[in-house]
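Topology and contacts: notes
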Amino acid sequence: MEKISLTTTAHNCFFTSTLPKTSSFSSSLFASNQLLGLPLSSSSSSSASTNPRLRLVSRNAASCRTVKCSVSEAAEPLTASERRQLKRRGDVRNIAIVAHVDHGKTTLVDAMLKQTKVFRDNQFVQERIMDSNDLERERGITILSKNTSVSYHDTKINIIDTPGHSDFGGEVERILNMVEGILLVVDSVEGPMPQTRFVLKKALEFGHSVVVVVNKIDRPSARPDFVVNSTFELFIELNATDEQCDFQVIYASGIKGQAGLSPENLAEDLGPLFESIIRCIPGPRIDKDGALQMLVTNIEYDEHKGRIAIGRLQAGVLEKGMDVKVCTSEDSCRYGRVSELYVYDKFSRVPAESVEAGDICAVCGISDIQIGETIACKVSGKPLPSIKVEEPTVKMAFSINTSPFVGREGKYVTSRNLRDRLYRELERNLAMKVEDGETADTFIVSGRGTLHITILIENMRREGYEFMVGPPKVINKKVNDKLLEPYEIATVEVPEEHMGAVVELLGKRRGQMFDMEGVGSEGTTLLKYKIPTRGLLGLRNAILTASRGTAILNTIFDSYGPWAGDMSTRDQGSLVAFEDGTSSSYAIASSQERGQMFIGPGVDVYKGQIVGIHQRPGDLSLNVCKKKAATNIRSNKEQTVILDTPLDYSLDDCIEYIQEDELVEVTPQSIRMCKNPKLQKKTR
């Protein structure tokens with residue numbers, strides 16, 4: 001019996017596997033305990049060549065004879081002497097689960113937690129247990145990366161759940177320092193999407209091992225062969241090494257808690273997935289006897305314990321009560337003491353007396369610790385390279401609230417309150433930048449996208465802050481006296497009947513289509529565009545209107561390119577109130593003929609507040625507080641006034657809607673829009 005090998009170094013030969021290397025074996029092998037860890041034999045040396053799911057690319061195919069999971073030997077830039085010092089820990093695996101938004105990361109983590117008996121059988125567990133933040137639950141998205149751990153066959157698996165939106169890419173870049181491998185979750189219909197590309201590129205740069213999980217395999221229009229082929233092509237495109245291209249593929253249904261080595265033959269549980277993690281993702285490479293080193297990659301805050309630093313211990317042993325050195329660079333170091341030490345066990349932090357290198361832990365007692373700093377040995381500690389994240393592409397101006405309604409609802413309204421809160425955000429949010437504006441009460445906040453900054457605004461208003469924000473603007477660059485602006489890759493899934501309207505809309509915003517393909521059996525088309533970031537501001541609502549709510553838009557930053565020229569993002573003007581007062585149904589009945597209203601009767605308004613969308617270009621001032629004249633002459637009976645339902649705009653909608661001379665007023669209970677008094681255009 002010959003053994004088939006997927007090794008890459010011996011004789012210049014390698015497999016480029018477009019489906020998992022184990023998927024073609026019989027279900028009897030699948031059912032046995034030889035699932036993944038043991039070498040599998042073949043009845044004939046020609047089985048690999050006859051299998052249509054494998055292509056052999058080789059100069060000397062006959063010389064390839066051994067098989068192993070090559071990804072476990074991912075290349076790391078270490079010298080021979082360093083490799084001799086560092087050892088692998090076999091009882092720990094550190095993994096991050098990364099994917100595009102809505103591809104099922106958090107649901108998959110739910111199933112992993114349940115099947116490893118983290119919860120009691122009779123314990124009530126919410127869906128998406130890792131999305132613990134109120135805002136995450138409301139929006140159904142992951143915003144902050146979170147740690148947990150499970151135990152499988154005496155191996156501790158530290159799992160980090162990461163956000164899927166490109167706006168929170170800074171979170172993903174940061175936590176990749178803590179892990180040795182990733183689970184790349186891909187939807188069985190959509191395949192690799194823009195954020196899949198971004199997180200995979202970062203993981204491959206770190207030299208991490210990758211296990212590809214084709215999730216939602218139970219969808220009726222699932223196309224696993226296409227998805228795995230597309231993923232393999234993406235690996236090649238991103239210049240992955242031969243070892244990384246030889247990835248293990250697992251097919252799974254996160255919501256059912258099942259996984260398997262072929263789409264037709266899923267096990268009753270996630271056993272194949274756990275086995276793949278243990279076999280294909282290496283344990284941490286550590287220097288157990290070396291000087292203590294731990295890079296802080298996350299910060300949490302507790303009212304009783306203060307700042308909690310989270311990171312992976314790279315070398316040495318960390319003990320409770322230990323005196324340590326905190327380093328930012330070779331020159332600047334300070335001393336501190338570890339008062340409390342925790343490790344992650346199941347779904348909670350558990351106190352520990354000591355932690356060995358390779359494990360992820362949480363450290364209390366250092367009150368001024370920052371992300372990117374190194375906790376090192378007091379005597380001979382050296383700093384690790386600090387964390388670098390990509391630059392922001394969008395900026396917005398924050399200023400104090402200057403409307404007549406200031407102070408009605410908010411607790412923190414001064415520029416000092418606003419400044420302190422924004423600079424405090426920088427301690428945790430590495431991808432964000434804050435600068436002082438032109439005046440003392442204005443601050444420029446830069447982020448990875450409008451959603452990135454909108455989440456900060458929403459958190460601040462819930463904390464009791466009152467302030468105003470201007471429209472989002474892109475951050476341009478000048479290189480060799482040429483103006484460059486950020487470009488993004490936009491993918492739009494839209495039914496064929498609405499494709500024309502969407503293509504026209506993207507064309508107006510200087511988008512260039514470079515790919516178009518049909519998706520699944522549902523009559524949906526996938527359009528791919530390269531478009532200036534300016535063109536994406538306010539696009540989401542416009543594209544939903546054009547497609548009657550059926551289009552799905554995803555974007556990811558691509559690169560800086562030449563200025564694309566002027567573009568119009570809004571064709572209609574605003575309806576503006578021209579006096580303070582309370583709106584009346586009599587006035588709104590006549591006002592709604594001019595456009596769509598944002599307010600109903602009985603609402604307090606002030607001069608300059610935007611109360612609706614004008615049906616034509618240009619702004620129009622209206623009196624929405626006018627009351628019917630009261631006379632002593634009896635006229636015909638009172639006419640019944642029929643009012644249209646006012647538009648209910650969320651914070652995201654308002655920020656998309658406003659233009660250069662408009663502001664959004666944000667208070668804990670209200671979101672209003674108004675004209676910027678400093679940039680007041682002439683209204684009709």
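Per an unreviewed UniProt entry, the protein chain goes by Elongation factor TypA-like SVR3, chloroplastic and derives from Arachis duranensis.

Attention now moves to the sheet that holds strand β21 (residues 348-351). Overall, antiparallel pairing links the eight strands, which are arranged β19-β18-β24-β15-β16-β23-β20-β21 in an open sheet. This sheet does not close on itself; its edge strands, each paired only once, are β19 (333-337) and β21. Within the sheet, the average angular offset between the axes of one strand and its neighbour, ignoring direction, is 40°.

Okay, the pairing of strand β31 (residues 482-495) next. Counting buried positions along β31 yields 12 of 14 residues, so the element is predominantly enclosed. Examined bridge by bridge, strand β30 (residues 477-479) and β31 share three bridges and lie antiparallel to one another. The partner of K477 across the bridge, within β31, is L484. Note that β31 and strand β34 (residues 552-562) share 10 bridges and pair antiparallel. Considered in β34, the bridge of E485 is made with G561. Pairing geometry for β31 and strand β33 (residues 524-532), over nine bridges, is antiparallel.

Counting through the fold element by element, R89 comes out in the loop between β5 (87-88) and β6 (92-99). Expressed as a C-alpha distance, the spacing of R89 and D359, which sit 270 residues apart in the sequence, is 9.3 Å. Those residues within four positions of R89 in sequence are excluded, and the remaining contacts are G283, P284, I286, E356, A357, G358 and D359.

Another point: the packing of aromatic side chains. For the structure on display, the rule yields 10 aromatic pairs. Plain terms: the ring middles of F232 and F247 are 6.4 Å apart, the flat faces sit at 45° to each other, and that makes the pair tilted. Of this pair, F232 sits in helix α8 (residues 224-237) while F247 is found in the loop between α9 (242-245) and β11 (248-253), placing the two residues 15 residues apart along the sequence. Residues F405 and Y606 carry aromatic rings whose centres are separated by 5.1 Å and whose planes lie at 90° to one another, so their mutual orientation is edge-to-face. Placement of F405 in the loop between β25 (394-400) and α11 (415-425) and of Y606 in the loop between β38 (604-605) and β39 (610-614) is noted, with a sequence separation of 201 residues between them. Grouped by ring-pair contacts, the aromatic residues F232, F235 and F247 constitute a single cluster.

This part takes up the packing of helix α13 (residues 499-508) against helix α15 (residues 539-546). Look at α13 against α15: their axes get within 9 Å of each other, and the N-to-C directions meet at 155°. Between α13 and α15, the angle falls in the class roughly antiparallel. Considering how the two elements wind past one another, α13 and α15 form a crossing that is right-handed. Taking contact as the criterion, the partners of A501, V502, L505 and L506 in α13 are, on α15, L539, A542, I543 and A546. Grouping the constituent residues of the contact of α13 with α15 by class yields eight nonpolar, no polar and no charged.

So, about the state of the cysteines. Counting across every chain of the model gives zero disulfides. Free of any disulfide, C377 has its nearest neighbouring cysteine sulfur in C327, separated by 9.8 Å. Its relative accessible area of 19% is what places C377 among the buried residues.

Once that is clear, we can look at α11. Among the residues of α11, those classed as buried are N417, L418, R421, L422 and E425. On an axial view of α11, the arc spanned by its buried residues comes to 120°, and they lie on one face. On the buried face of α11, the contacting elements are β25, β26 (433-436), β27 (442-447), α12 (450-462) and β28 (467-469).

Conventions we followed
- Residues numbered from 1 in each chain as written.
- Predicted model: local features only at pLDDT ≥ 70, side-chain atom pairs only at ≥ 80, totals over all residues.
- Heavy atoms only, no water.
- Pairing = 2+ DSSP bridges.
- Helix = DSSP H or I, 4+ residues; strand = E, 2+ residues; numbered from the N terminus.
- Axes fitted to C-alpha atoms, helices over the stretch in contact; angles between N-to-C directions.
- Buried < 20%, exposed > 50% of the residue type's maximum accessible area, 1.4 Å probe, protein only.
- Contact = heavy atoms within 4.5 Å.
- Phe/Tyr/Trp six-rings, centres within 6.5 Å; stacked < 30°, edge-to-face > 60°.
- Parallel < 35°, antiparallel > 145°, perpendicular 65-115°, else oblique.
- Left-handed = near helix turned anticlockwise from the far one by under 90°.
- Nonpolar A, V, L, I, M, F, W, Y, C, P; charged D, E, K, R; others polar.
- Disulfide = S-S within 2.5 Å.
- Arc of directions from axis to C-beta.

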